[in-house]
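# Topology and contacts: notes
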Amino acid sequence: LLISGTTTGTMLDPSFIKNLSSLMRDSLQDVFLISYSDFDSKDDVVKSSLQFFLDDDTDGAIALNLSQLVAVEADSSKPRPMMGMSCLHPLLRLLRGLEMNDLSEIDALLGCAIAMPVPAVYTEFSQLSAYQQHLALHCLFHCINWLLEVINCFAFLVKKNEPEKVLMRLRTIVWLRGLLARCLPQAMEYTPPMCHFQALPKPKLSLGEKPTKKATKKKGKKKGKKKQDGEESVLTGKDKGSQQEEEEEDEEEPVEEKAADLS
């Protein structure tokens, strides 16, 4: 059994993969997810609400507690959570690889609500303090990256003629990027949050294989054209023929003057 998305393609024991998947699901649920009914935004630095919920019934629904986790991570006076926000997207990517054969254990993530700043925060963005602006922009970056991973995880539903939720997530990304493009230039000295993206390494060459170099054509020296008579000189603007005539006239010996007869 291979873990999809890994770069090594190592064979792993199925029981190990099952236990690892269960551990990662518990970590995601304990750190980043909350019950829909447990959300409370009274003490938020930036007013937030549950948004982008795609399911019909909120009973037993879950939500990604994004805005509050961003605020906790930015507050140096509070203890840091077990996992930072930079671990959210790689964790979902790992779960996708572990649960590739059956995503029923994590299919609720596709339509779950996301705790985000209310739209009025971005409408009145210029009136916020610098700290509030940075929190609001952090939420945009993390939400966009989360939705990108969700789409990568459930893109197979498009081939199963169930594209509704995937397309809704795609439309949400487009809308959030529009907010980001409008608000980002207004934030002075802002640094985006750290994000970890998967990068596949280049295949290694075997011992007997040598890298091939592209054949390059040798460029010969261009022969300069000889100037013909009557062609103007670049420096003087005079033609070569007139220059030679002037030089010949200068080289002629001067005529001796005869002394006058005074007798």
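Notes on the structure in this doc start here. All values reported here derive from a predicted model rather than from experimental measurement. (Residues numbered from 1 in each chain as written. Predicted model: local features only at pLDDT ≥ 70, side-chain atom pairs only at ≥ 80, totals over all residues. Heavy atoms only, no water.)

Further remarks concern the overall build of the protein. Per the secondary structure count, the protein includes seven helices and four strands. Tracing the protein from N to C terminus, the helices and strands come up as α-β-β-β-α-α-β-α-α-α-α. For the protein, the proportion of its 263 residues judged to be buried stands at 33%. Of the contacts made within the protein by residues no fewer than 6 positions apart, 75% connect residues no fewer than 24 positions apart. When the accessible surface of the protein is summed, it comes to about 18800 Å², and 53% of that surface belongs to carbon and sulfur atoms. (Helix = DSSP H or I, 4+ residues; strand = E, 2+ residues; numbered from the N terminus. Buried < 20%, exposed > 50% of the residue type's maximum accessible area, 1.4 Å probe, protein only. Contact = heavy atoms within 4.5 Å. Areas by Shrake-Rupley, 256 points an atom, 1.4 Å probe, with all protein chains shown as cover.)

A few words on helix 3 (residues 88–98). Most of helix 3 sits out of view: nine of its eleven residues are buried. Within the sequence span of helix 3, burial applies to Leu-88, His-89, Leu-91, Leu-92, Arg-93, Leu-95, Arg-96, Gly-97 and Leu-98.

To continue, consider the environment of Leu-167. You can see Leu-167 is positioned in helix 6 (residues 164–183). Looking at Leu-167, the relative accessible area reads 45%, which means it is partly exposed. Along the chain, Leu-167 and Ala-155 lie twelve residues apart, while their C-alpha atoms are 9.4 Å from each other.

One non-glycine residue, Asn-161, lies in positive phi territory at about 60°. The phi dihedral of Glu-189 is positive, around 55°, even though this residue is not glycine. The residue Glu-189 is located in the loop between helix 6 and helix 7 (240–251) in this model. Here Glu-189 falls in the exposed class, since its relative accessible area comes to 76%.

Turning our attention to helix 1 (residues 14–31). Taking 1.5 Å per residue, 18 residues should reach 26 Å; helix 1 reaches 26 Å between its end C-alpha atoms and fits that length. Of the positions making up helix 1, those classed as buried are Ile-17, Ser-21, Met-24, Ser-27, Leu-28 and Val-31. Mapping the buried residues of helix 1 onto a view down its axis gives an arc of 125°, with all of them on the same face. Relative to its buried face, helix 1 has exposed residues pointing more than 90 degrees away, namely Lys-18, Asn-19 and Asp-30. (Expected span 1.5 Å × (residues − 1). Arc of directions from axis to C-beta.)

Before going further, it helps to examine the sheet that holds strand 3 (residues 62–64). Read across the open sheet, the four strands follow the order 1-3-4-2; overall the sheet is mixed. Unpaired on one side and paired on the other, strand 1 (33–35) and strand 2 (48–51) mark the two borders of the sheet. For this sheet the average axis-to-axis angle between neighbouring strands, irrespective of direction, equals 35°. As defined by bridge partners, strand 3 adjoins strand 4 (residues 113–117) across two bridges and the pair is classed as parallel. Within the sheet, the bridge partner assigned to Leu-64 lies in strand 4 and is Ile-114. (Pairing = 2+ DSSP bridges. Axes fitted to C-alpha atoms, helices over the stretch in contact; angles between N-to-C directions.)

Moving on, we get to empty space enclosed by the protein. Taken as a whole and assessed by the stated rule, the structure comprises two cavities of 30 Å³ or more. Counted as a void, the largest cavity has a volume near 70 Å³. Residue lining of the largest cavity: Asp-44, Val-45, Val-46, Ser-67, Gln-68, Val-70, Ala-71, Pro-117, Leu-135 and Cys-139, and that is the complete set. Of all elements in the fold, only helix 2 (66–74) and helix 5 (130–154) reach the threshold of two or more residues within the lining of the largest cavity. It is helix 2 that provides the largest number of residues to the lining of the largest cavity, a total of four residues. By residue class, the composition of the lining of the largest cavity is seven nonpolar, two polar and one charged. There is about 40 Å³ of room inside the second largest cavity. Around the second largest cavity sit Gln-51, Phe-52, Met-116, Pro-117, Val-118, Pro-119, Tyr-122, Leu-140, Trp-175, Leu-176 and Leu-179, which together line it. Only strand 4, helix 4 (119–123) and helix 6 provide two or more residues apiece to the lining of the second largest cavity. When residues in the lining of the second largest cavity are grouped by element, the largest group, three residues, is from helix 6. (1 Å grid on protein atoms, 1.4 Å probe; cavity = no way out; pocket = protein on both sides within 12 Å on 5 of 7 lines; lining within 4 Å. Points joined across faces, edges and corners; volume = space filled by probe spheres on them. Nonpolar A, V, L, I, M, F, W, Y, C, P; charged D, E, K, R; others polar.)

With that out of the way, let us pick up the pattern of salt bridges. Counted by the stated rule, this structure contains three salt bridges. Note that Arg-25 and Glu-99 form a salt bridge whose closest N and O atoms lie 2.5 Å from each other. Of this pair, Arg-25 sits in helix 1 while Glu-99 sits in the loop between helix 3 and strand 4, and the two are 74 residues apart along the sequence. We classify Glu-99 as buried; its relative accessible area is 9%. Ionic pairing is found between Arg-93 and Glu-149, a salt bridge with its closest N-O pair at 2.9 Å. With Arg-93 in helix 3 and Glu-149 in helix 5, the pair connects residues that are 56 residues apart, well separated along the chain. (Salt bridge = Lys/Arg side-chain N within 4 Å of Asp/Glu carboxyl O.)

Worth remembering: the numbers are spatial, not functional.
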